[in-house]
Structures are given as C-alpha cells and as structure tokens.
Amino acid sequence: MEKKTIELVQSSFSKVAPIAETAAEIFYNKLFELDPALKPLFPADNTDAMKGQGNKLMTMLASAVAGLSDLDKLVPILQDLGKRHVEYKVESSHYDTVGAALLGTLETGLGDDFTPEVKTAWADTYTVMADVMKGAAY
C-alpha cells in the first residue's frame, strides 16, 4: 500500500475515533439498510448486545488502521479474522455490503473531511483487507 493512502486512512480515522459509539451505530444502521438479510448474523435486537458488537467493530477497525504501517503483522491477523467470519456464516458477497456501509459511515462521520481522495484511500484499503480475509476464508 502506498504511504499516502495509509496516512489518509490513519488521519481520517483519528477524526472518527472520538465518536466511535455513534460511528458504530451509523455503520450497523447502514449495513442493515443495505441488506436487511444480514441482521440475523448479529446479536438479537438488543441495545446492549449491539453496543458490544459496535465496540468490537471499532476496536478491530482501530487495530487494523494502526496496523497498516506494518502489513507483515496485520495480514495474519486479517487472515484469522476472515476464517472466524466463516463460522459466523459470513459469505464472500457480504464483504461488498460491509465496504459500502463502511464508506457511508465515514462519509457521515467525517462530513466535509470525506474528500474524494480520502474516499479512494479508504476504498483501496478496505479492498486490500477484505481480499486478504476472503482469501484465507474461502
């Protein structure tokens, strides 16, 4: 990955991190709006359970974003995560929906800071991460 891409992703994520709980809520709302059939893959319609799921999402995302500077260490973690997602009944096609929900969340959370350059950096980064996860899982 290009250094500029990593810098854009890391600097923009630092603006989202302070609103992590809200960002997670936006993400899951967008995800279920894009594909309501994904809802059964997550905890029942329970606010506390979904908050916990949101915390896991944001913690994983923060770790992955931080790990972009050292892909040799990040790749095995992503591979393991991809394998675990199979156990949760995640299908390869779901990664596209998750990517769209992520970009939509970032657009909402970053507002004017979600420039075309930032969007491209995130899209490229997510594609690389998703490809690693899917490659290990399927």
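The coordinates are above.
Parameters at a glance
Residues numbered from 1 in each chain as written. Predicted model: local features only at pLDDT ≥ 70, side-chain atom pairs only at ≥ 80, totals over all residues. Heavy atoms only, no water. Helix = DSSP H or I, 4+ residues; strand = E, 2+ residues; numbered from the N terminus. Rg over C-alpha atoms; globule rule 2.2 N^0.38 Å. Contact = heavy atoms within 4.5 Å. Areas by Shrake-Rupley, 256 points an atom, 1.4 Å probe, with all protein chains shown as cover. Lys, Arg positive; Asp, Glu negative; His and termini not counted. Charge placed at Lys NZ, Arg CZ, Asp CG, Glu CD. Buried < 20%, exposed > 50% of the residue type's maximum accessible area, 1.4 Å probe, protein only. Salt bridge = Lys/Arg side-chain N within 4 Å of Asp/Glu carboxyl O. Phe/Tyr/Trp six-rings, centres within 6.5 Å; stacked < 30°, edge-to-face > 60°.

A. Up close: the overall build of the chain. Helix and strand content of the chain: six helices and zero strands. Ordered by position from N to C terminus, the α and β elements of the chain give α-α-α-α-α-α. Rg of the C-alpha trace for the chain: 14 Å, near the compact-globule value of 14 Å for 138 residues, within the 12% margin. Taken along the three principal axes of its C-alpha coordinates, the chain extends 40 × 35 × 20 Å. Restricting to contacts in the chain with at least 6 residues of sequence separation, those with at least 24 account for 77%. A total accessible area of about 8,000 Å² is found for the chain, and carbon and sulfur atoms account for 53% of it. Seen as two clouds, the 13 positive and the 20 negative side-chain charges of the chain have centres 3 Å apart.

B. Representation of the side chain of Lys-134. Turning to its location among the elements, Lys-134 is positioned in helix α6 (residues 116-137). Here Lys-134 sits buried without a salt bridge, and the closest side chain of opposite charge, Asp-131, lies 4.0 Å off (N-O distance). Not counting chain neighbours up to four residues away, the residues in contact with Lys-134 comprise Ser-92 and Tyr-95.

C. Representation of the pattern of salt bridges in the model. The tally for this structure, following the rule as stated, stands at four salt bridges. Measuring nitrogen to oxygen at the nearest pair gives 3.6 Å for the salt bridge that ties Asp-113 to Lys-15. Separated by 98 residues along the polypeptide, Asp-113 in the loop between α5 (94-110) and α6 and Lys-15 in helix α1 (residues 3-16) bring together distant segments of the chain. Judged by its relative accessible area of 38%, Asp-113 is partly exposed.

D. A look at the packing of aromatic side chains. Under the criterion given, the structure shown has five aromatic pairs. With 5.2 Å between their ring centres and 70° between their planes, Tyr-28 and Phe-42 make a pair best called edge-to-face. One end of the pair, Tyr-28, is in helix α2 (residues 20-34); the other, Phe-42, is in the loop between α2 and α3 (47-67), with 14 residues separating them in the sequence. Relative accessible area serves as the criterion here: at 6%, Tyr-28 is assigned to the buried category. Members of the aromatic cluster, each reached through a chain of ring pairs, are Phe-27, Tyr-28, Phe-32 and Phe-42.

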